[in-house]
Amino acid sequence: MRKPIVAGNWKMNKTVAEARALVAELQPALAGVSGVEVVLCPPFTALAAVGAALHGTDLGLGAQNMHAEKSGAYTGEISAGMLRELGCSYVILGHSERRTLFHETDELVNKKAKAALAAGLRPIVCVGETLAEREAGQTEAVVTAQVGGSLAHLGAEGLLRTVVAYEPVWAIGTGRTATTAQAQAVHALIRRLLLNMAGGSVAEAVRIQYGGSMKPGNARELMSQPDIDGGLIGGASLEAGSFAGIVRGAVK
Ligand code: PGA
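Below: a short report on this structure. Along each chain, numbering runs from 1 in the same order as the chain's sequence is written. pLDDT decides what is reported in this predicted model: residues at 70 or higher carry local features, side-chain atom pairs at 80 or more are listed and counted, and totals for whole chains, interfaces and linings draw on all residues regardless. Working from all heavy atoms in the structure, the side-chain values ignore hydrogens and water.

**Some remarks on the site of the ligand**
For step 1, the next point in the chain: A molecule or strand has a residue near it when one of that residue's heavy atoms lies within 4 Å. Neighbouring the ligand are 13 residues, the closest being Lys11, His95, Glu167, Gly173 and Ser213.
For step 2, the next point in the chain: N or O atoms within 3.5 Å of each other form a polar contact, as long as, within protein, one can give a hydrogen and the other can take it, and as long as residues adjacent in sequence are counted only when both atoms are side-chain atoms. Here an oxygen atom of the ligand sits 2.7 Å away from a polar atom, N or O, in the side chain of glutamate 167.
For step 3, the next point in the chain: Within the backbone of glycine 235, a nitrogen or oxygen atom sits 2.8 Å from an oxygen atom of the ligand.
For step 4, the next point in the chain: Summarising the interface, the protein chains cover 96% of the accessible area of the ligand, which totals 280 Å² for the free molecule.
For step 5, the next point in the chain: Classes in brief: Ala, Val, Leu, Ile, Met, Phe, Trp, Tyr, Cys and Pro nonpolar; Asp, Glu, Lys and Arg charged; the others, Gly included, polar. For the shell around the ligand, the residue count by class is 4 nonpolar, 7 polar and 2 charged. The Shrake-Rupley method, run with a 1.4 Å probe sphere, supplies the accessible areas, and residue values consider only the shown protein chains as cover.

Written out as structure tokens, the structure is:
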């Protein structure tokens, strides 16, 4: 039985003070929720403050990106070890905004995933097709290539520590959610790909999140699909009530 995982991707939002205020609101809003793993992914600058506020709670801390190298002359970059030191247990890798705006390739995402795992972080690896790709009937090919490339050579151990996030690019921040059938079909594809890569027991254990305009009103239906094991939440994670509503939708 896979434990659902809901992660809030705050993107480039929330100062330290705002981040502290959101966590203070979230804690009572999430009181009594069990059976769902909840992870907050603030910007780098708020990781220490959010980590301190989460200390002793069940809520996990994640980053939104990292560099693949351990240290060195990489101005402006942050390593997996630095994230571990701040108390991160997760890191989002290969988000579509990173792929599009910062030219991240499957090869780079794969390198980062290996470095994250080596440092003891659990990667949340994002995949998903653009609207043009979906309309051209390329969804399956695109997602297959992204899964194969981004998750290559992680081994069964590594895959078991990895979360995959299916985020159709056309649904991110647009208010346009994939239908449950569209989302479930791609999640099932991803699970088949994992099966081919590492066998049935690994494929059955890896959690696959949906992301893209998930809201309290559509979360439960999406997450009740057999292969949808939680959500990666952007806009709706910036407000305690909507994020808590989504987390409650993940409770089986
Ligand atoms: P959204 O973003 O929930 O605002 O669509 C999801 C994401 O980008 O992870």
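**Considering the sheet that holds strand β4 (residues 90-93)**
For step 1, the next point in the chain: With respect to topology, 8 strands assemble into a closed barrel ordered β1-β2-β3-β4-β5-β6-β7-β8, the strand pairing being parallel. Each neighbouring strand pair of the sheet contributes to a mean axis angle of 25°, computed without reference to strand direction.
For step 2, the next point in the chain: Think of it this way: DSSP has to see at least two bridges between two strands before they count as a pair. Helix and strand assignments follow DSSP, with helices taken as H or I runs no shorter than four residues and strands as E runs no shorter than two, numbered in order from the N terminus. Where strand β6 (residues 163-166) lies against strand β7 (residues 207-211), 4 bridges are found, and the strand directions are parallel. Within β7, the residue paired with tyrosine 166 across the bridge is tyrosine 210. For helices, the fitted axis covers only the stretch in contact; all axes are lines through C-alpha atoms, and the angles between them, taken along N-to-C directions, range from 0 to 180 degrees.

**Thoughts on the pairing of strand β3 (residues 60-63)**
For step 1, the next point in the chain: Only protein chains enter the calculation, and the probe is 1.4 Å; a residue is then buried if its accessible area is under 20% of its type maximum, exposed if over 50%, and partly exposed in between. By the alternation rule, side chains of β3 split into Gly60 and Gly62 and Leu61 and Ala63, which are all buried.
For step 2, the next point in the chain: The pairing of strand β2 (residues 37-41) with β3 spans 2 bridges and is parallel. Looking across to β3, one finds that leucine 40 is bridged to leucine 61.
For step 3, the next point in the chain: We call a crossover right-handed when, viewed with both strands directed away from the observer, the connection leading from the first strand over the helix to the second proceeds clockwise. Considered for its hand, the β-α-β crossover made up of β2, helix α2 (residues 44-54) and β3 is right-handed.

**Examining the environment of lysine 215**
For step 1, the next point in the chain: Here lysine 215 lies in the loop between β7 and α11 (216-223).
For step 2, the next point in the chain: Its relative accessible area of 37% is what places lysine 215 among the partly exposed residues.
For step 3, the next point in the chain: Separated by 172 residues in the primary sequence, lysine 215 and proline 43 have C-alpha atoms spaced 21 Å apart.

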